[in-house]
Amino acid sequence: MAQPQPRREGQGLQQQGGKAPAAAPQEPIKYGDAFKVKGELAGQPIAPRDAAAMRSAEDSVPGVQVPQESGGGFSAAAFMETAAQYNEAVGAVRPGQASDAAAKHGINLTQDAVPGGKIVTEFVAGQVVGQYAVAEAPAAQQQDAAGGAGRGEAGATGAPGAPAGATPARRG
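Scoring rules and cut-offs
- Residues numbered from 1 in each chain as written.
- Predicted model: local features only at pLDDT ≥ 70, side-chain atom pairs only at ≥ 80, totals over all residues.
- Heavy atoms only, no water.
- Core = buried A, V, L, I, M, F, W, Y, C linked by side-chain atoms within 4.5 Å.
- Buried < 20%, exposed > 50% of the residue type's maximum accessible area, 1.4 Å probe, protein only.
- Helix = DSSP H or I, 4+ residues; strand = E, 2+ residues; numbered from the N terminus.
- Contact = heavy atoms within 4.5 Å.
- Expected span 1.5 Å × (residues − 1).
- Salt bridge = Lys/Arg side-chain N within 4 Å of Asp/Glu carboxyl O.
- Axes fitted to C-alpha atoms, helices over the stretch in contact; angles between N-to-C directions.
- Parallel < 35°, antiparallel > 145°, perpendicular 65-115°, else oblique.
- Left-handed = near helix turned anticlockwise from the far one by under 90°.
- Nonpolar A, V, L, I, M, F, W, Y, C, P; charged D, E, K, R; others polar.

**Student:** What am I meant to see in the nonpolar core here?
**Tutor:** Most often, soluble globular proteins keep nonpolar side chains buried together rather than apart. Tyr31, Phe35, Met54, Met80 and Val124 are the most contacted members of the largest nonpolar core, which has 20 residues in total. Mapped onto this core, the elements with two or more residues apiece are α3 (48-59), α4 (76-89) and α5 (100-105). If we skip the residues at most four places from it in the chain, phenylalanine 35 touches Ile46, Ala76, Phe79, Met80 and Val129.

Take a look at the structure:
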């Protein structure tokens, strides 16, 4: 038997011609709500330009497949995009807006070589918002791959990310 869909507060009243009660202002999703960050960054809403910069950084690193879902989680950029859309919807940020901390200190990522692959760490305003491991491709795939080795750091205005501890599936 199908379950009825829950109604949003006031939805039935509006359909019946009644007046819906005034909705309480909704709180934006802030960096401190989503990531283990502190200081100035923690209190700022996640903004659309921040999310776009993080996505750009993720996309700019050849040879790294950023985890889109891993253990139920999403990459930092995917989460930031969703949070920024929500924050726009509740009026906490404007389209194209950047957070002060991200605009001032930037968004970037680093890659550190480790035996068997590399560790990618993503930063917003110098604070870690994501980290994941990327397994080294077999030798035959490395010869076919264009770039991806020894990249070091990417994006002064963008960076790829996944929640800390996320591990992507092996590329094939």
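**Student:** Mind showing me how you'd approach α3 here?
**Tutor:** Each turn of an α-helix holds 3.6 residues, which means side chains three or four residues apart point in the same direction. In this model, α3 (12 residues) spans 16 Å end to end at C-alpha, consistent with the 16 Å of a helix rising 1.5 Å per residue. Within α3 the residues assigned to the buried category are Pro48, Asp50, Ala51, Ala53, Met54, Arg55, Ala57 and Glu58. Tucked into the core, α3 has its buried residues touching α2 (31-34), α4, α5, β1 (107-114), β2 (117-124) and β3 (127-135).

**Student:** I tried to follow α4 on my own but got confused; where do I start?
**Tutor:** Compared with the 20 Å implied by 1.5 Å per residue over 14 residues, the 20 Å span of α4 between its first and last C-alpha is a close match. For α4, the elements touching its buried residues are α2, α3, β2 and β3. Downstream of α4 by one or two residues, glycine 91 has phi in the positive range, about 80°.

**Student:** Could you clarify how one ought to interpret the pattern of salt bridges in this entry?
**Tutor:** Side-chain pairing between opposite charges can occur once the charged atoms of the two side chains come close. All told, the structure shown has two salt bridges when counted by the stated rule. Between arginine 55 and glutamate 58 there is a salt bridge whose closest N-O contact spans 3.0 Å. With arginine 55 and glutamate 58 both in helix α3 and three residues apart, this pair spans about one turn of that helix. Judged by its relative accessible area of 2%, glutamate 58 is buried. Between arginine 55 and glutamate 81 there is a salt bridge whose closest N-O contact spans 2.9 Å.

**Student:** I'm lost on unusual backbone geometry in this one. Help?
**Tutor:** Keep in mind that most residues, glycine aside, have a negative phi and that most peptide bonds are trans. Positioned with a positive phi, alanine 125 is a non-glycine residue whose angle comes to about 50°. By the secondary structure assignment, alanine 125 is in the loop between β2 and β3.

**Student:** Explanation requested: the packing of α3 against α4 in the structure shown.
**Tutor:** Packed helices, taken two at a time, are described by their axes: the angle between them and the distance between them. Packing of α3 against α4 brings their axes to within 8 Å, and their N-to-C directions diverge by 160°. The pairing of α3 with α4 is recorded here as roughly antiparallel in orientation. Here α3 runs over α4; the crossing is left-handed. Across the interface between the two elements, Pro48, Asp50, Ala51, Met54, Arg55 and Glu58 of α3 pack against Ala76, Ala77, Ala78, Met80, Glu81, Ala84 and Glu88 of α4. A class-by-class count of the residues in the contact of α3 with α4 yields eight nonpolar, no polar and five charged.

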